[in-house]
Amino acid sequence: MSPVERLLLRQEVEDFPHQEADLLDQRRFRDWLDLLADDLVYFMPIRRNVKFGQQEERENTRQGEGISWFDEDKWTLTKRVEQVLT
């Protein structure tokens, strides 16, 4: 990858969160969904207080095991958007 290509890619990556936020702020949810990859995984574990030394193994819940704040894919996000737009 040339330095120019690297710079352009970096700019695109840095601009993406702003573009995404603008679409969400404007409630253009379908356009926002179009930005997302079809194999998107949106996962946010729940953190637990654990004994020192056990944090690597037990501090965060794991995807597909137990509960989490979010464990979504593009299909479920699409359904949420459809619900919001009704």
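Here the structure is a predicted model, which is why all the values come from computation and not from measurement.

Draft legend 1. Local environment of the side chain of Glu72. For Glu72, the location among the structural elements is in strand 2 (residues 70-73). Assessed through its relative accessible area of 11%, Glu72 is described here as buried. A polar contact of 2.7 Å, which involves the side chain of Glu72, links it to the side chain of Thr76. Apart from the residues within four sequence positions on either side, Glu72 is in contact with Leu40, Val41, Tyr42, Leu77 and Arg80.

Draft legend 2. Focus on a nonpolar patch on the surface. Where nonpolar side chains cluster on the molecular surface, the patch consists of Tyr42, Met44, Trp69 and Phe70 and spans about 440 Å² of accessible area. Note on placement: Trp69 falls in the loop between helix 3 (55-58) and strand 2.

Draft legend 3. Spatial organisation of the nonpolar core. Core analysis: the largest hydrophobic core is formed by seven residues, namely Leu23, Phe29, Trp32, Leu33, Leu36, Leu77 and Val81. Contributions of two or more residues to this core are made by helix 2 (29-35) and helix 4 (74-84). With three residues, the single largest contributor to this core is helix 2. Not counting the four nearest positions on each side in its chain, Leu77 is found in contact with Trp32, Leu33, Leu36, Leu40, Tyr42 and Glu72.

Draft legend 4. Structural view of the pattern of salt bridges. Tallied over the full model, the rule gives five salt bridges. Across the pair Arg28 and Asp31 runs a salt bridge whose closest N-O atoms are separated by 2.9 Å. On the basis of relative accessible area, Arg28 is assigned to the partly exposed category, the value being 38%.

Draft legend 5. Examining the environment of Arg48 more closely. Positionally, Arg48 belongs in the loop between strand 1 (41-44) and helix 3. Between the C-alpha atom of Arg48 and that of Gly64, which follows or precedes it by 16 residues, the distance is 17 Å.

Draft legend 6. Quick peek at unusual backbone geometry. A positive phi angle, near 60 degrees, is found at Arg27, a position not held by glycine. Using a relative accessible area of 54% as the deciding quantity, one classes Arg27 as exposed.

About the thresholds
- Residues numbered from 1 in each chain as written.
- Predicted model: local features only at pLDDT ≥ 70, side-chain atom pairs only at ≥ 80, totals over all residues.
- Heavy atoms only, no water.
- Helix = DSSP H or I, 4+ residues; strand = E, 2+ residues; numbered from the N terminus.
- Buried < 20%, exposed > 50% of the residue type's maximum accessible area, 1.4 Å probe, protein only.
- Polar contact = N/O pair within 3.5 Å; in protein donor to acceptor, adjacent residues only side chain to side chain.
- Contact = heavy atoms within 4.5 Å.
- Patch = residues over 30% accessible without salt bridge, like charges linked within 9 Å, V, L, I, M, F, W, Y side chains within 5 Å.
- Areas by Shrake-Rupley, 256 points an atom, 1.4 Å probe, with all protein chains shown as cover.
- Salt bridge = Lys/Arg side-chain N within 4 Å of Asp/Glu carboxyl O.
- Core = buried A, V, L, I, M, F, W, Y, C linked by side-chain atoms within 4.5 Å.

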